[in-house]
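# Residue-level structure breakdown
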Amino acid sequence: MIDKCKIIELPKIKDPRGNLTFVEGGKHIPFEIQRVYYLYDVPGGAERGGHAHKELQQLIIAMSGSFDVLLDDGTEKKRFYLNRSYYGLYICPMIWRELDNFSSGSVCMVLASNLYDEADYYRDYQEFLDNLGITK
Ligand code: TYD
């Protein structure tokens with residue numbers, strides 16, 4: 001399942017006045033965008049995430065600075081380093097994620113397939129594994 005999660009290279013219009021990148025829901029990413037949120041003013045050493053989603057799909061972009069995203073499908077783990085605003089990390093449903101190693105001043109933007117719904121979260125790792133039918 002973790003193989004469905006991958007870096008998507010977004011269109012980049014190079015321009016001496018400054019580069020431009022855009023994302024169209026359903027075209028550059030495999031879902032329509034219903035929500036956008038961003039993390040900023042992240043203090044050094046902080047960790048975000050620590051949960052999985054039942055149905056939500058997301059694209060994570062380092063708009064500024066850099067950070068790591070650790071993905072885990074219960075069987076396999078993969079670490080991605082995001083540091084370019086024209087690369088997005090696509091995350092399919094049922095993936096545990098942790099974000100850390102935020103550089104100072106970094107901004108993490110997330111495009112999401114659904115509105116915020118706490119019922120869509122697994123915040124307990126064991127409950128996540130149980131729902132995947134994985135015994136550890
Ligand atoms: P959470 O998803 O746990 O943050 P992260 O994964 O980035 O560490 O959300 C943190 C808090 O913000 C939680 O109380 C729910 C709230 N929240 C919203 O109200 N709307 C949103 O769109 C998001 C992403 C979070």
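What this report covers is the structure whose coordinates are included nearby. Position numbers for residues start from 1 in each chain and track the written sequence from start to end. A pLDDT threshold of at least 70 governs which residues receive local features in this predicted model, and a stricter bar of 80 or more applies before side-chain atom pairs are shown or counted, although totals over entire chains, interfaces and linings include all residues. As a rule here, side-chain values come from all non-hydrogen atoms in the structure, and water together with hydrogens is ignored.

### Observations regarding the site of the ligand
We count it as follows: When we say a residue is near a molecule or strand, we mean one of its heavy atoms is within 4 Å of it. For the purposes of these results, a polar contact is taken to be a pair of N or O atoms within 3.5 Å, where, inside protein, one atom must be able to donate a hydrogen and its partner to accept one; residues adjacent in sequence count only when each atom of the pair is a side-chain atom. Using a 1.4 Å probe, the Shrake-Rupley method yields the accessible areas, and only the shown protein chains count as cover for residues. By definition, any uninterrupted DSSP run of H or I lasting at least four residues is a helix, any uninterrupted run of E lasting at least two residues is a strand, and each is numbered from the N terminus. Lys, Arg, Asp and Glu make up the charged group, whereas Ala, Val, Leu, Ile, Met, Phe, Trp, Tyr, Cys and Pro make up the nonpolar group; the residues left over, Gly among them, are polar.
Every residue lining the ligand is accounted for by Arg35, Tyr37, Leu39, Arg48, Gly49, His51, Tyr116, Tyr121 and Arg123. Taking Gly49, its main chain carries an N or O atom lying 2.8 Å from an oxygen atom of the ligand. Within the complex, the protein chains bury 63% of what would otherwise be the 530 Å² of accessible surface of the ligand. Taken together, the elements giving at least two residues each to the shell around the ligand come down to strand S4 (35-39) and strand S5 (48-53). Classifying every residue of the shell around the ligand by side-chain character gives four nonpolar, two polar and three charged.

### Comments concerning the sheet that holds strand S7 (residues 67-72)
Put simply, the rule is: Following DSSP output, two strands are said to pair if at least two bridges run between them.
An order of S8-S7-S10-S5-S12 is seen for the five strands of this open sheet, with the pairing classed as antiparallel. Lying at the two open borders of the sheet, with one neighbouring strand each, are strand S8 (77-82) and strand S12 (121-122). Note: S5 against S12, two bridges, orientation antiparallel. When the bridges of S12 are listed, Ala52 appears paired with Tyr122.

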